There are 2 protein chains.
Amino acid sequence: MTNHLDSFFGAMSDPTRRAVIERLAGGPAPVSELHAPHDIALPTFLRHLKVLEAAGLVRSEKKGRVRTVHLEAAPLAEAEGWLQRQRQLWDGRLDRLDALVREMEAGTEGGSANDHT
Amino acid sequence: MTNHLDSFFGAMSDPTRRAVIERLAGGPAPVSELHAPHDIALPTFLRHLKVLEAAGLVRSEKKGRVRTVHLEAAPLAEAEGWLQRQRQLWDGRLDRLDALVREMEAGTEGGSANDHT
DNA sequence: AATACTATTAGCCACATTGCTAACCAAATG
DNA sequence: CATTTGGTTAGCAATGTGGCTAATAGTATT
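Residues numbered from 1 in each chain as written. Chains lettered and ligands numbered in written order. Predicted model: local features only at pLDDT ≥ 70, side-chain atom pairs only at ≥ 80, totals over all residues. Heavy atoms only, no water.

1. As for the overall build of chain A
Put simply, the rule reads: Working definition: helices are DSSP H or I runs of at least four residues, strands are E runs of at least two. Numbering for both runs from the N terminus. Think of it in three bands: residues with accessible area under 20% of the maximum for their type are buried, residues over 50% are exposed, and the middle band is partly exposed, with areas taken using a 1.4 Å probe on protein chains only. Whether two residues are in contact is decided by their heavy atoms, any of which lying within 4.5 Å being enough.
A tally of regular secondary structure across chain A gives 5 helices and 3 strands. Reading the secondary structure of chain A in the N-to-C direction produces α-α-β-α-α-β-β-α. Going through the 117 residues of chain A one by one, you find that 38% of them count as buried. For chain A, contacts bridging at least 24 residues in sequence account for 47% of all contacts bridging at least 6.

Now the structure itself:
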């Protein structure tokens, strides 16, 4: 199936690439401008952009000799959703455990309690 | 500064590791149980767990000969927040652009409009 | 005490990633 | 039309990642 999340998280795991995303959240920009603040060779930087584009995080169009890059928000939302689901599941579980513990402490009269699974 | 997000996203970029997280969202589990559904050698799997632990995503305690692993929700929340901020920034920008376009279409009477920056 | 089970360490290989330089193409610009 | 500018391609080196097997350690279990 080769999940989207795979290439997405891979793309986000690099500080240079995250910095590009942060910059692009403020609006589209040409390659040269995106490259400027980073102290790496342009070809190297270009490959970072390609990784981002392959992950569907950005798109770019070339007009004349300038390529303009812009953010694609949908993948961010997707990953955000995934994280949220996992976290909420876990948080919810903790809440339920907590309730169980309180219930058990309240009275040992004979409550049938099922916790995990 | 060696951001948390670095190791976090790195850890999440592997399907095996994400599957472990998904499993752990349902509750803690011993190493062997976590390993079972994955068709890779145990030592290999163990290293995945180490990556997750190094990224602060899980913790584990060993009792007897069994190591029990559990999810740590805080990092998920942190990454979730980061993504949300970037996305909202971008979405907000789109909204503002949209508004601008509508404003410009409404009347070309002589409105002074500032968009980006 | 011997055996079986759970986890761990060590070491190896193949491939991916990230960095570089050098050379090059195509579109402005003088 | 020569030059500069913005981006791209090709190729190399160093390091990281993910997989394996073999061997070991430390509990249970019988």
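2. Side note on the relation of the copies chain A and chain B
To keep things clear, this is the line we draw: Each copy is superposed on the other by least squares, with the fit set by C-alpha atoms of residues at a pLDDT of at least 70 in both.
Of the two same-sequence chains, chain A is brought onto chain B (RMSD 0.1 Å, axial shift 0.0 Å) by a rotation of 180 degrees. Both copies are brought into coincidence by an operation consistent with a two-fold rotation axis. With an isologous cut-off of 70% or more, the 100% of interface residues of chain A that recur at the interface of chain B puts this contact in the isologous class.

3. Some details on the protein's contact with DNA strand D
The condition is simple: Consider each residue's heavy atoms; a residue with any of them within 4 Å of a molecule or strand counts as near. Within 3.5 Å is the distance limit for a polar contact, defined as a pair of N or O atoms, with the added protein rule that one can donate a hydrogen and the other accept it, and that residues adjacent in sequence qualify only through two side-chain atoms.
Looking at DNA strand D, there are 21 residues lining it, with Arg65 and Arg67 of chain A together with Ala41, Arg47 and His48 of chain B nearest. Of what DNA strand D places within 4 Å of the protein, 55% of the atoms are sugar or phosphate. Side-chain polar atom of Arg65 of chain A to a base oxygen of DNA strand D: 2.5 Å apart, as the coordinates give it. Broken down by secondary-structure element, the contributors of at least two residues to the surface near DNA strand D are helix H3 (31–35), helix H4 (42–54) and strand E3 (66–71) of chain A together with helix H4 (42–54) of chain B. Top contributing element to the surface near DNA strand D by residue count: H4 of chain A, with 5 residues.

4. What about the packing of aromatic side chains?
Residue and element names in this part refer to chain B. Filter applied, for reference: Each Phe, Tyr or Trp ring, with Trp reduced to its six-membered ring, pairs with another whose centre is within 6.5 Å; inter-plane angles below 30 degrees give stacked pairs, above 60 give edge-to-face pairs, and intermediate values give tilted ones.
This structure, assessed with the given rule, holds 5 aromatic pairs over all chains. Note on Phe8 and Phe9: the rings are 5.3 Å apart at their centroids and 75 degrees apart in plane angle, and the pair reads as edge-to-face. For Phe8, a relative accessible area of 3% puts it in the buried group. Looking at Phe9, the relative accessible area reads 0%, which means it is buried.

5. Some remarks on the interface of chain A and chain B
This is how it is decided: By definition, the buried area sums, over both parts, the 1.4 Å-probe accessible area that each loses when the two are put together. Just to be clear on terms, a salt bridge is a Lys or Arg side-chain nitrogen sitting within 4 Å of an Asp or Glu carboxyl oxygen. By the convention adopted, Pro, Cys, Tyr, Trp, Phe, Met, Ile, Leu, Val and Ala count as nonpolar, Lys, Arg, Asp and Glu as charged, and the other residues, Gly among them, as polar.
Listed per partner, the contact involves 34 residues of chain A and 34 residues of chain B. Taking both sides of the interface into account, the surface hidden between chain A and chain B amounts to around 2900 Å²; carbon and sulfur atoms contribute 66%. At the surface where chain A touches chain B, the tally comes to 4 salt bridges. Ionic pairing is found between Arg18 of chain A and Asp6 of chain B, a salt bridge with its closest N-O pair at 2.9 Å. In this structure, the connection of chain A to chain B is made through 8 residue pairs in polar contact (both at pLDDT 80 or more). For the side of chain A that touches chain B, the secondary-structure elements that each account for two or more residues are helix H1 (4–12), helix H2 (15–25), E3 and helix H5 (73–106) of chain A. Per-element tally for the side of chain A that touches chain B: the top contributor is H5 of chain A, with 14 residues. Residue composition of the side of chain A that touches chain B, by class: 18 nonpolar, 8 polar and 8 charged.

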